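Chain and residue survey
The primary structure of each chain is shown beneath.
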Amino acid sequence: MFVAPRPLAADDPQFAVRLALATTLAYALGLWLRPTMPMIAPALTAGIVAGMRGRFDPLKAVGGPITMAVVMSAMALLVAMLRDFPAVMIIVVGAIYTASYTLILRTGNPMGMLILVASALMSIMGMNSVPGMTYLRDVFIEGAAVALGVIPLVYVLLPPATRAKAVEVYPLGSGGRFWLRGAIRGAVLLLLTGWLYTVVNESNMMLAVAAIFVMVFPTRERLWAEARQRIHATVLGGGVALVILAAATFSAHLPNLMALIFLGALLLGHRMVVGRQPPMVYQYALSAMVAVVGAALSAKAPLDTVLLRIGLTMGGAIVAAMLTSLLESLLLQPQTDAPVITKVL
């Protein structure tokens, strides 16, 4: 799975400012469009901007949001068609999970990640409530539309210093047995989503989302490293969000809140460039910050939201890493390290 390298200040001195501006603009538009779920638009926008390196990339800035909207719509339609046949839907969703993980392990293609997230979110919501699934689908489509407008704008206002196109190196899979390894990950994710289908409600879907991001990595070491990074990032982002909300209580006006969100995103964006932790930790923390502030604006207790998100992230990440490691140790024969082959896109 490709992970974007640390942004270079020499190539993009305005990286943190652009990221903070994009997050704040998307937040303002998200509040205007969907005041009950204002976090989706800034989370999508910030994720795309934070993952871009080099000059403006229209494939990511335009193709990414459009692909997100299309995949979410397709998965919502599929779930709506199969919801009355739960056994069939579980089999189909499990097959999608397996195929997506196999694609990622074999080619490093990030499209598999998008399919995993869409299939998990739509199936979890659809099994609980079709109107709720439709609402979430519409929120993601609107968030994608916000990203389509905001991202080109911030790149026009704050272009990178470099004019070079970023070269992304996708690690091709090594070790073989991709279908079996993909099936192991698909089974673990299906177990978690099945628990969300039947035992707990859709408000805990972060459990499955955390597991998805952990299991895209091929080795046990990377699985556990990703789990630790996710937990650390959630604690960091939740802490920044609590500081923002505490400061906002002294003057609870929308411009002041937007200014605080800008400063929080600016801090985390700057740490992506110069921080001691890997840059993805600060990117994940930004997503957590956005979610917690958005939940507080939706009349939920911020401290409870932080604790719940930390608990769900820890639970999903640790269970995913533990079960995947255990099943691979039982079902896969030990193999010597194979050389890593890469392809450049």
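It should be noted that the structure appears before, not after, this text.
Just so we're clear, the structure is a prediction, and the values are computed from it rather than from any experiment. (Residues numbered from 1 in each chain as written. Predicted model: local features only at pLDDT ≥ 70, side-chain atom pairs only at ≥ 80, totals over all residues. Heavy atoms only, no water.)

Where charged atoms from two side chains of opposite charge come close, those side chains can pair. This model, assessed by the stated rule, comprises four salt bridges. Its salt-bridge partner being Arg18, residue Asp12 comes within 2.7 Å of it at the nearest N-O pair. When sorted by exposure, Asp12 lands in the same class as Arg18, which is buried. Ionic pairing is found between Arg137 and Asp138, a salt bridge with its closest N-O pair at 2.9 Å. Overall, the relative accessible area of 24% leaves Arg137 in the partly exposed class. (Salt bridge = Lys/Arg side-chain N within 4 Å of Asp/Glu carboxyl O. Buried < 20%, exposed > 50% of the residue type's maximum accessible area, 1.4 Å probe, protein only.)

Moving on, we come to the side chain of Thr24. Its place among the elements puts Thr24 in helix H1 (residues 15-33). You can call Thr24 buried: its relative accessible area is 11%. The residues touching Thr24, leaving out its near neighbours within four places in the chain, are Met258, Ile261 and Phe262. (Helix = DSSP H or I, 4+ residues; strand = E, 2+ residues; numbered from the N terminus. Contact = heavy atoms within 4.5 Å.)

The grouping of Leu29, Trp32 and Leu33 at the surface amounts to a nonpolar patch, some 330 Å² of accessible area in total. Assessed through its relative accessible area of 35%, Leu33 is described here as partly exposed. (Patch = residues over 30% accessible without salt bridge, like charges linked within 9 Å, V, L, I, M, F, W, Y side chains within 5 Å. Areas by Shrake-Rupley, 256 points an atom, 1.4 Å probe, with all protein chains shown as cover.)

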